[in-house]
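Here are the chains, one letter per residue:
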Amino acid sequence: MTEIETLIGSFDTSEIVEAAEPRTWELRPVVQALSAERRPSTVCTGCPQSLWFKSTTDLRCYCKTMHLIVWCTMEPNQLTDCDELHRMLTGEEWE
């Protein structure tokens, strides 16, 4: 027995479940088509729940989870974090 096992005891590792690799996504197609300097700086740019659309004068992002326009050219809101994104990245199910 090693010194650590003596101090903390041994334990059964057969029930340890390894965490899943976090998921990542590509930029959404409308955002990806923009030049790098025109791309918004928001967590929504790669989120599968985002629906990006543009006109000749405006770019907007609709969130399918919150049912809101969360970003637009006229009022850019630089979202930096989102619970739904965390849920999707980790695969957790929330009530």
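Structure: see above.
Please read all numbers here as calculations on a predicted model, not as lab measurements.

**Student:** Explanation requested: the overall build of the protein chain in the structure shown.
**Tutor:** Within the protein chain, the secondary structure is distributed over three helices and three strands. Helices and strands appear in the protein chain in the N-to-C order α-α-β-β-β-α. Across the 95 residues that make up the protein chain, the buried fraction comes to 23%. At a minimum sequence separation of 6, the contacts of the protein chain that also span at least 24 residues come to 30%. As displayed, the protein chain has an accessible area near 7600 Å², and 53% of this comes from carbon and sulfur atoms.

**Student:** Where do I start with the pairing of strand β3 (residues 68-72) in this structure?
**Tutor:** Here is the key point about a regular strand: its side chains alternate between the two faces of the sheet. Sheet topology note: the strand β2 (residues 59-63)/β3 ladder contains four bridges and is antiparallel. Residue pairing across strands places Cys 63 opposite Leu 68, the latter belonging to β3.

**Student:** Sorry, what's going on with the sheet that holds β3 here?
**Tutor:** Pairing between sheet strands relies on hydrogen bonds along the backbone, with the strands arranged either parallel or antiparallel. Reading across the sheet, the three strands line up as β1-β2-β3 and stay open at both edges, with antiparallel pairing between neighbours. The open sheet has two edge strands, β1 (50-54) and β3, and neither has a second partner. Averaged over all pairs of adjacent strands, the angle between strand axes in this sheet comes to 25 degrees, irrespective of strand direction.

**Student:** When you look at a nonpolar patch on the surface in this model, what are you seeing that I'm missing?
**Tutor:** A contiguous nonpolar patch, built from Leu 51, Phe 53 and Ile 69 and spanning about 260 Å² of accessible area, is present on the exposed surface. By secondary structure assignment, the location of Phe 53 is in strand β1. A relative accessible area of 37% means that Phe 53 is categorised as partly exposed.

**Student:** How should the side chain of Thr 45 be read in this particular structure?
**Tutor:** By secondary structure assignment, the location of Thr 45 is in the loop between α2 (29-32) and β1. Beyond its immediate sequence surroundings of up to four residues, Thr 45 is in contact with Glu 26, Leu 27, Arg 28, Val 31, Pro 40 and Trp 52.

**Student:** Explain the pattern of salt bridges here, please?
**Tutor:** Oppositely charged side chains may form a pair once their charged atoms are brought near each other. Applying the stated criterion across every chain yields a total of two salt bridges. For Arg 60, the salt bridge goes to Asp 58, with nearest N and O atoms at 2.5 Å. Accessibility expressed as a relative area gives 32% for Arg 60, which makes it partly exposed. On the accessibility criterion, Asp 58 (11% relative accessible area) is buried.

**Student:** Teacher, can you tell me more about the packing of aromatic side chains here?
**Tutor:** Centre-to-centre distance and the angle between the planes together describe a pair of aromatic rings. Evaluated as defined, the whole model comprises one aromatic pair. With 5.8 Å between their ring centres and 50 degrees between their planes, Trp 52 and Trp 71 make a pair best called tilted. Taken together, the positions of Trp 52 in strand β1 and Trp 71 in strand β3 put the pair 19 residues apart, joining distant regions of the chain. Summarising the burial analysis for this pair, Trp 52 and Trp 71 share the class buried.

Cut-offs used in this document
- Residues numbered from 1 in each chain as written.
- Predicted model: local features only at pLDDT ≥ 70, side-chain atom pairs only at ≥ 80, totals over all residues.
- Heavy atoms only, no water.
- Helix = DSSP H or I, 4+ residues; strand = E, 2+ residues; numbered from the N terminus.
- Buried < 20%, exposed > 50% of the residue type's maximum accessible area, 1.4 Å probe, protein only.
- Contact = heavy atoms within 4.5 Å.
- Areas by Shrake-Rupley, 256 points an atom, 1.4 Å probe, with all protein chains shown as cover.
- Pairing = 2+ DSSP bridges.
- Axes fitted to C-alpha atoms, helices over the stretch in contact; angles between N-to-C directions.
- Patch = residues over 30% accessible without salt bridge, like charges linked within 9 Å, V, L, I, M, F, W, Y side chains within 5 Å.
- Salt bridge = Lys/Arg side-chain N within 4 Å of Asp/Glu carboxyl O.
- Phe/Tyr/Trp six-rings, centres within 6.5 Å; stacked < 30°, edge-to-face > 60°.

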